[in-house]
Amino acid sequence: MKVSGFTFIRNAITLDYPVVESIQSILPLCDEVVVAVGNSEDQTLELIQNIDPKVKVIQTIWDDTLRANGAVLALETDKALAAIDPEADWAFYIQGDEVIHEEDHPAILAALHKYQHDHEVDGLLFNYLHFYGSYDYVGISNNWYKKEIRIIKPGRQIRSYRDAQGFRKAPDQKLKVAAIDARVFHYGWVKDPRAMQRKQENFHKLWHDDAWLDKNVKVAERFDYEDHIHQLARFEATHPACVQPRIATRNWVFETDITRHKKRLKNILKDWLKKIGIDTHYANYTIIRKNM
C-alpha cells in the first residue's frame, strides 16, 4: 500500500502557519508528501525544503486575480494532488494549519488497510477540533464544521471543492466516505494577535474585493479575539507531540470567561432538530461506512 501526502502553502513564516508541524504529523504514514509552495515574500520555500527527504516540493504561482470564494485555494490544492505518485493507493491531504495527533496514527493506518479494496469508499472522514484564541480553548458551537474528508483515493476524478475545505468527484458528486475515529487539530485561529491580524487582512483577499475589505476588515495592529467568539470550552486533553515546542514558546495570553458566550438561538434550534432526527448541518460528503 502506497500513501502520498499533499498540501499547499504560501508565506508560512509571515503569517505564522504551523505548516512544518502539519507535514511532520503525517510523514510517518506517508511514502511522500507533495507540497505546492506558492510565490512567497519570505523564506517559506527554504523552510519546506529542509523538513525531510520524503517531502517533494513543487513551486507554483498563485493567481491573485481570483478573489472570489477562495477558489485559488482549491486550485493550489489540485496542483499538489496532480503531482503525487501516480501509483499511490491513498492521498492524505493536510492544510498548513492542521495537525494530526500521533495517538490517532494506528486508527488511520487500520482504516487505510480496511478500506483499500472497498471500491465504494472514495475517502476517509475525520473529526475536527477547532482551537480558538489559544491552545487552551476549543470551539464547540455549530459555527464550526465537525467533520471533513482528509484522505481520498486518487484517480477517481476527485478535485478540491470551492475553497479547498473538502472534495467532490466530477462532475459534482459528493464523495462516499468511511467515518473514522481520528482527529484533525485545526490551529487556524491560534496565533499571536499580531500575526492573526496579518492573516485576516491577507486571507480575506482570497474571497472579496478591496471595497469589501475596506468595509469589513478592521485595520489594526493586533487581532481582537473577543470580537469573534462563539461558544468555547477548555481543552483538557493533549496536543500532538510535534506542536508541543510551539505551544511552549507561545508569546501571548488569551483568557476569556467561557460562561459569557451563550449558545445562539439558531444553534439551539439546530441541536433540537438533530435530536429528533433532522440534521441541518452542511455535509459535503455521504457517509457509507462507520469505523468508530
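Residues numbered from 1 in each chain as written. Predicted model: local features only at pLDDT ≥ 70, side-chain atom pairs only at ≥ 80, totals over all residues. Heavy atoms only, no water.

Participant: When you look at the pairing of strand S3 (residues 55-60) in this model, what are you seeing that I'm missing?
Facilitator: Within a regular strand, the side chains alternate between the two sheet faces. Inspection of the sheet shows strand S2 (residues 32-38) paired to S3 by 6 bridges, in the parallel sense. Bridge pairing in S3 places Val33 opposite Val55. Considered for its hand, the β-α-β crossover made up of S2, helix H2 (residues 44-49) and S3 is right-handed. (Pairing = 2+ DSSP bridges. Helix = DSSP H or I, 4+ residues; strand = E, 2+ residues; numbered from the N terminus. Right-handed = clockwise from strand over helix to strand, strands pointing away.)

Participant: What should I look at first to understand the pattern of salt bridges in this one?
Facilitator: Pairing between side chains of opposite charge can happen when the charged atoms of each approach one another. All chains considered together, the criterion is met by 18 salt bridges. Residue Asp16 pairs with Arg246 through a salt bridge whose shortest N-O separation is 3.1 Å. Here Arg246 lies in helix H7 (residues 244-248) and Asp16 lies in the loop between strand S1 (3-9) and helix H1 (19-26), a separation of 230 residues in the sequence. Taking the shortest distance from any N to any O, the salt bridge between Asp118 and Arg289 comes out at 3.0 Å. With Asp118 in the loop between helix H4 (105-115) and strand S6 (123-132) and Arg289 in strand S13 (residues 285-291), the pair connects residues that are 171 residues apart, well separated along the chain. With relative accessibility at 17%, the residue Asp118 sits in the buried group. On the basis of relative accessible area, Arg289 is assigned to the partly exposed category, the value being 23%. Linked by salt bridges that have partners in common, Lys2, Asp85 and Glu87 make up one network. (Salt bridge = Lys/Arg side-chain N within 4 Å of Asp/Glu carboxyl O. Buried < 20%, exposed > 50% of the residue type's maximum accessible area, 1.4 Å probe, protein only.)

Participant: Whenever I open this one, the nonpolar core confuses me. Can you help?
Facilitator: Among the nonpolar cores identified, the biggest contains 35 residues, and Ile23, Ile48, Phe92, Ile108, Leu124 and Phe126 are the most heavily contacted of them. Sorting the residues of this core by element identifies S1, H1, S2, strand S4 (90-93), H4, S6 and strand S11 (173-189) as the ones contributing at least two each. Apart from residues no more than four positions distant in its own chain, Phe126 is found in contact with Phe92, Ile100, Ile108, Lys146, Lys147, Glu148, Arg150, Ile151, Ile180, Ala182, Arg183 and Val184. Residues Ala36, Trp62, Ala83 and Ala179 belong to the second largest nonpolar core, which totals 26 residues. (Core = buried A, V, L, I, M, F, W, Y, C linked by side-chain atoms within 4.5 Å. Contact = heavy atoms within 4.5 Å.)

Participant: Can you help me understand the state of the cysteines in this one?
Facilitator: Here, disulfide denotes a covalent bond that connects the sulfur atoms of two cysteines. Under the counting rule described, the total for this entry stands at 0 disulfides. The thiol of Cys30 is unpaired, and the distance to the nearest cysteine sulfur, on Cys242, comes to 13 Å. The exposure class of Cys30 is buried, given its relative accessible area of 4%. (Disulfide = S-S within 2.5 Å.)

Participant: Any chance you could explain the environment of Ala74 here in plain terms?
Facilitator: Inspection of the secondary structure puts Ala74 in helix H3 (residues 71-82). Note: C-alpha distance between Ala74 and Asp163 (89 residues apart in sequence) is 5.4 Å. For Ala74, the residues in contact, after removing those within four places along its chain, are Ser160, Arg162, Asp163 and Ala164.

Participant: What's the story with unusual backbone geometry in this structure? I'm lost.
Facilitator: When glycine is set aside, most residues are seen to have a negative phi, and most peptide bonds are trans. Residue Pro171 is reached from Ala170 by a cis peptide bond, and omega for that bond is 5°. The residue Pro171 is located in the loop between strand S10 (166-169) and S11 in this model. Even without glycine at this site, Asn11 takes up a positive phi of about 55°. Positionally, Asn11 belongs in the loop between S1 and H1. We classify Asn11 as buried; its relative accessible area is 10%. Non-glycine residue Arg162 carries a positive phi angle of around 55°. Looking at the element boundaries, Arg162 is found in the loop between strand S9 (158-161) and S10. Accessibility expressed as a relative area gives 54% for Arg162, which makes it exposed.

Participant: I would appreciate a short explanation of H4 in the present structure.
Facilitator: Residues separated by three or four positions in an α-helix point in the same direction, a consequence of the helix having 3.6 residues per turn. Taken together, the buried positions of H4 are occupied by His105, Ile108, Ala111, Leu112 and Tyr115. Considered in projection along H4, the buried side chains sweep an arc of 130° and stay on one side of the axis. Looking at H4, the residues exposed on the side facing more than 90 degrees away from the buried face are Pro106 and Lys114. (Arc of directions from axis to C-beta.)

Participant: Got a minute to help me understand the environment of Lys205 in this structure?
Facilitator: Along the chain, Lys205 falls in the loop between helix H5 (193-203) and helix H6 (210-216). Accessibility expressed as a relative area gives 40% for Lys205, which makes it partly exposed. For the pair Lys205 and Ser25, spaced 180 residues apart in the sequence, the C-alpha separation amounts to 29 Å.

Participant: What exactly am I supposed to notice about the packing of aromatic side chains here?
Facilitator: By convention here, two paired aromatic rings are described through the distance between centres and the angle between planes. All told, the structure shown has 23 aromatic pairs when counted by the stated rule. Ring centres 5.3 Å apart and planes at 85° place the aromatic pair Tyr132 and Tyr225 in the edge-to-face group. On the criterion of sequence distance, the pair formed by Tyr132 in strand S6 and Tyr225 in the loop between H6 and strand S12 (232-234) is long-range, its members being 93 residues apart. Both residues of the pair, Tyr132 and Tyr225, belong to the buried class. Through successive ring pairs, a cluster of aromatic residues spans Tyr132, Tyr137, Trp144, Trp189, Phe223, Tyr225 and Phe254. Positioned over the ring face of Trp189 is Lys199, at 6.0 Å from the centre of the ring. The ring of Phe203 has Lys199 sitting right over it, with the charged end atom 5.2 Å from the ring centre. (Phe/Tyr/Trp six-rings, centres within 6.5 Å; stacked < 30°, edge-to-face > 60°. Lys NZ or Arg CZ within 6 Å of the ring centre and 35° of its normal.)

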